[in-house]
Amino acid sequence: MAGEETKTPLVQLKGMGVSEGVALGPIYLLERERVAAPHSRILPEEAEAELARFKKALTATQRQLELIKKRIQTEESRDLQYIIDAQVLILKDVLLLQGTEDGIRQGLNAEWALELVRDRIKTVFEHLGDEYFRERRSDVDYAVERLLRSLLKRRVESIEDVKGNMIVAARDLSPADTAQMVHSRVIGFITDMGSKSSHTAIMARSLEIPAVVGLKNVSQLVKTGDVVAIDGFTGEVVINPDAATRQRFAELKKSFRSYQTQLPRYRRLPAVTRDGSPVRLLANIELLEELGAVKRYGAEGVGLYRTEFLFMNRKDLPTEEEHYQNYRKVAEAVFPRPAVIRTLDIGGDKFVSQLELAPELNPAMGLRAIRFCLKEPKIFKTQLKGILRAGELGNLKIMLPMISGVEEVRAAREIIEEVQAELKKDRARFASGIPIGIMVETPSAVAAADLLAREVDFFSIGTNDLIQYSLAIDRANAAVSYLYEPLHPGVLRMIRSVADAGRAQQIRVAICGEMAGDPFYTAVLLGLGLEELSMSPYSIPRIKRMIRMIDQVEARNLADRLLGVPTGSEIASLLTKKMEEWFPDFRSDQVFYKTSLDDELTKGVKDAEHDTHLGISSRRTSG
Amino acid sequence: MTSQYTIANRLGLHARAAAQMVKAANRFTSEIRVKSGDREVNGKSIMGILTLAAVQGSLIVLTVEGPDEKEALNLLGNLIMGKFGEE
């Protein structure tokens, strides 16, 4: 199996890495395609026997699910238990039972009757407006599919059938499949569908099994026994890897293992350049569940907490208390380190159901973020009250998104002052001198950065939107997507000028776009004058590693030189050359797993002693 | 007997809450109907409840008829007002 040289050609795929780690091994293809159920007519006198057959299959299926549920009685899998519970209830649902029975009595065989009922029920789900509820049709599908297989006396293949250390490939995984991961010897997952927040991804992360999702058609490209190599961080998947690729992944896997064992110690090391400049590494998060990763990966606080999630999937607006409770959890989890709460950054288009606003043609440039909040001060004030109250501990900051000029900052400040006065009147406890900063993501904010720096306490450059707005790229238009160049001379100059404007007024300048989490850009960003980088918590160790190899003076010289180069592609190739020259084993997205941290850690003991001098306290609490 | 409630828990009548409600409803012999907007469904059917797509803030009307209607309405009402045990 794994040892033989396969004749099938090597195929390279790129999906979404949702649970980091490296795996190399044989595939177990979990076939989840519809069973083809025979449709036939039955005679009236056969109806009772057919009904009995249906009920027997039903009891067997319910028992299967109950069994799965029993095996996952752990605290972490409580959500999954509820989902399986719901599937059991679907199989007991009078809609399904009565409908099928009616069909059988009208002369259809059980499979046919059942499929008709399922399709009718699914149509109702498909017409629901809310995405979560619409998606419950897949629960109906999973449950009925199990029942159909039982009727046809076909076994339901399960992850528990996986023998040995195998990588499971599937079109999609049902919650019942995912639940069985807990007791399996699965070493990795690859699926056609899925996202960072799907059950598979969440479960894979909590079990620390590498997973790559969104591979479109991988379940059709592989068969059981094929060897595959996966990287759950980069999303790289290689089917039938050749000897060289296997070697590469085997090494990657070894480094990843040592990386994991070293992580708890590594996170205590300060992020300082070789020549002693400290850099602050912060985490971008949007779910409270990610607070654990903030600590685990050694972030020095939260540089961007996106609050949009609080507003999603609901008909009414979050109350002040809900805001407060949510932000309070963030504040307590990172205390005494700082957390930056970004105020609402979505547009009116997301509020159509609540506020009956007209749909916009170009929402990216429409009534969104700070514009929307200033237009709807009630919504803004409710959120601000929550932040100010949760800020009582003294470690929260407010960040205003999509600021285009000083007027918006002043208008927002005025509202914040009103809110503080109201809180004072109510004798509520709150943070009085909370720092207020802005996202720098519009070209006008860059051009007026010197003026804005006098009005706010910090800047955070949102490179994703800044690149899009400054190069005038329509996100929805694939024909211009080639223009999205983080190393465009215009972009680099903007970053430098914002960093300079911040320094002149002695305010902190951070960067929180995707560039911050990619080690390829680290030297450039430091060279341009940034001292704070905010990124996905999982990227922090690799960026820290990069920082500890960089010489700040050299980085500065490199940035100065790049600023004189006329095109983005020339800048990119010059940067690549320089990085390879400085770090011979440099590969932009894998530098971390490839390098052993041992010498780093020995050196780190000395560094840790200097922590206080550098203004970075070492982390004593381990989370 | 009829009673009106606003769904107060954050996630609305999602799978977990719906399961709790259906399990409770099935303990009674009374007929239980749940209405939200212009849709009315059998309160003992999980698929019925889920297709109400009742998110937080939705108004729902419970109609219970039968020998144990009082107890049923009491228990179901407590579940909804107690936010299904969500935080």
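Residues numbered from 1 in each chain as written. Chains lettered and ligands numbered in written order. Predicted model: local features only at pLDDT ≥ 70, side-chain atom pairs only at ≥ 80, totals over all residues.

Before we go on, may I ask you to explain the overall build of chain B in this structure?
Across its full length, chain B holds three helices and four strands. Each helix (α) and strand (β) of chain B, taken in turn from the N terminus, gives the series β-α-β-β-α-β-α. Relative to its 87 residues, chain B shows a buried fraction of 43%. For chain B, the share of sequence-separated contacts (at least 6 apart) that also reach a separation of at least 24 residues comes to 70%. (Helix = DSSP H or I, 4+ residues; strand = E, 2+ residues; numbered from the N terminus. Buried ≥ 20, exposed ≤ 12 C-beta atoms within 10 Å, placed from the backbone. Contact = placed C-beta atoms within 7 Å.)

How should I be thinking about the overall build of chain A in this particular structure?
Counting secondary structure elements, chain A contains 27 helices and 16 strands. Sorting the 623 residues of chain A into buried and exposed places 43% on the buried side.

Looking at this structure, how should I read the environment of Ala449 of chain A?
Residue and element names in this part refer to chain A. Secondary-structure assignment places Ala449 in helix H18 (residues 449-453). Along the primary structure Ala449 and Ser404 are separated by 45 residues, whereas in three dimensions their C-alpha atoms are 9.9 Å apart. Ignoring anything within four residues of it in the chain, the contact list for Ala449 reads Val440, Ser497, Val498 and Ala501.

What is the right way to look at the packing of helix H4 (residues 110-126) of chain A against helix H6 (residues 137-151) of chain A in this model?
When two helices pack together, their arrangement is given by the angle between the helix axes and by the axis-to-axis distance. Residue and element names in this part refer to chain A. Here H4 crosses H6 at 175 degrees, and the two axes come no closer than 10 Å. One element, H4, and the other, H6, form an angle in the roughly antiparallel class. Between H4 and H6, the contacting residues are Ala110, Glu111, Leu114, Arg118, Ile121, Lys122, Phe125 and Glu126 on the first element and Arg137, Val140, Val144, Leu147, Leu148 and Leu151 on the second. Residues of the contact of H4 with H6, tallied by class, amount to nine nonpolar, no polar and five charged. (Axes fitted to C-alpha atoms, helices over the stretch in contact; angles between N-to-C directions. Parallel < 35°, antiparallel > 145°, perpendicular 65-115°, else oblique. Nonpolar A, V, L, I, M, F, W, Y, C, P; charged D, E, K, R; others polar.)

Which parts of the structure should I look at to understand the confidence of the model for chain A?
Detailed reading of the predicted coordinates is not advisable wherever pLDDT falls low. Residue and element names in this part refer to chain A. Averaged over all residues, the pLDDT of chain A equals 85, while 84% of them reach at least 70. Throughout residues 1-6 the model reports pLDDT below 50, and contacts reaching past four residues in sequence, or to other chains, amount to eight contacts. Counting contacts from residues 594-598, a segment whose pLDDT is below 50, to residues more than four positions away or on other chains yields 11 contacts. (pLDDT = per-residue confidence, 0-100.)

What exactly am I supposed to notice about the interface of chain A and chain B here?
In many analyses, interface size is given as the accessible surface area lost on bringing the parts together. Taken residue by residue, the interface counts 23 residues in chain A and 19 residues in chain B. Among the elements that take part in the side of chain A that touches chain B, helix H2 (residues 78-91) of chain A stands out by supplying six residues, more than any other. Grouping the amino acids of the side of chain A that touches chain B by side-chain chemistry returns 14 nonpolar, two polar and seven charged.

How should the sheet that holds strand E2 (residues 31-36) of chain B be read in this particular structure?
Note on sheets: strands pair through backbone hydrogen bonds, and any given pair is parallel or antiparallel. Residue and element names in this part refer to chain B. In spatial order, the strands read E1-E4-E2-E3; together these four strands make up an open sheet with antiparallel pairing. One side of each edge strand has no neighbouring strand; the edge strands of this open sheet are strand E1 (2-6) and strand E3 (39-42). This sheet shows a mean twist of 25 degrees between the axes of neighbouring strands, independent of strand direction. Of the pairings in the sheet, the one linking E2 to E3 comprises four bridges and is antiparallel in character. The residue of E3 that forms the bridge with Ser36 is Arg39. (Pairing = 2+ DSSP bridges.)

It is not clear to me how the pairing of strand E10 (residues 302-306) of chain A should be interpreted in this structure. Could you clarify?
A regular strand places its side chains on the two faces of the sheet in alternate fashion. Residues and elements named next belong to chain A. By the criterion of burial, E10 is predominantly enclosed, with four of the five residues buried. On the question of chirality, the crossover connecting strand E9 (residues 280-285) to the parallel E10 by way of helix H11 (residues 291-296) is right-handed. As defined by bridge partners, E10 adjoins strand E11 (residues 339-342) across three bridges and the pair is classed as parallel. Among the inter-strand pairings, Arg306 is bridged to a residue of E11, identified as Arg342. (Right-handed = clockwise from strand over helix to strand, strands pointing away.)

Honestly, H6 of chain A in this entry has me stumped. Any pointers?
Count 3.6 residues to each turn of an α-helix, and residues three or four apart come out pointing the same way. Residue and element names in this part refer to chain A. With 15 residues, H6 extends 21 Å between its outermost C-alpha atoms, agreeing within 8% with the 21 Å of an ideal straight helix rising 1.5 Å per residue. For H6, the tally of buried residues reaches 11 of 15 residues, placing the bulk of the element in the interior. Among the residues making up H6, those that are buried are Arg137, Asp139, Val140, Tyr142, Ala143, Val144, Arg146, Leu147, Leu148, Ser150 and Leu151. Looking one or two places after H6, you find Lys153, whose phi comes out positive at around 55 degrees. (Expected span 1.5 Å × (residues − 1).)

Please clarify how unusual backbone geometry should be interpreted in this entry.
Leaving glycine aside, a negative phi is the common case for residues, and trans is the common case for peptide bonds. Residues and elements named next belong to chain A. Following Phe335, the chain continues to Pro336 via a peptide bond in cis, the omega torsion being 5 degrees. Within the fold, Pro336 resides in the loop between helix H12 (320-334) and E11. Of note, Lys216 is a non-glycine position whose phi angle comes to about 65 degrees, a positive value. Of note, Lys216 is situated in the loop between strand E6 (211-213) and helix H9 (218-221). On the basis of neighbour count, Lys216 is assigned to the exposed category, with 12 C-beta atoms found within 10 Å. Look at Ala472: it is not a glycine, yet its phi comes out positive at around 55 degrees. Tracing the backbone through its elements, the reader meets Ala472 in the loop between helix H19 (463-470) and helix H20 (489-504). The exposure class of Ala472 is exposed, given the 9 C-beta atoms found within 10 Å.

Got a minute to help me understand the sheet that holds E6 of chain A in this structure?
Residues and elements named next belong to chain A. Spatial strand order, E1-E8-E7-E3-E4-E5-E6-E2: eight strands in an open sheet with mixed pairing. Across the chains shown, the open sheet's two edge strands, defined by having one partner strand only, are strand E1 (11-14) and strand E2 (16-19). Each strand of the sheet is rotated relative to its neighbour by a mean of 25 degrees, with strand direction disregarded. As paired elements, strand E4 (residues 167-170) and strand E5 (residues 188-191) share four bridges and run parallel to each other. The partner of Ala169 across the bridge, within E5, is Ile190. The strands touched by helix H10 (residues 243-266) within the sheet are strand E3 (22-29), strand E7 (227-231) and strand E8 (236-239), with E3 carrying the most contacts at an inclination of about 115 degrees.

What is the right way to read the environment of Ser3 of chain B from this model?
Residues and elements named next belong to chain B. Its place among the elements puts Ser3 in strand E1. Exposure remark for Ser3: the 14 C-beta atoms within 10 Å place this residue in the partly exposed category. Spatially, the C-alpha atoms of Ser3 and Ile60 are 8.5 Å apart, while their sequence positions differ by 57 residues. Apart from the residues within four sequence positions on either side, Ser3 is in contact with Leu62, Leu73 and Gly77.

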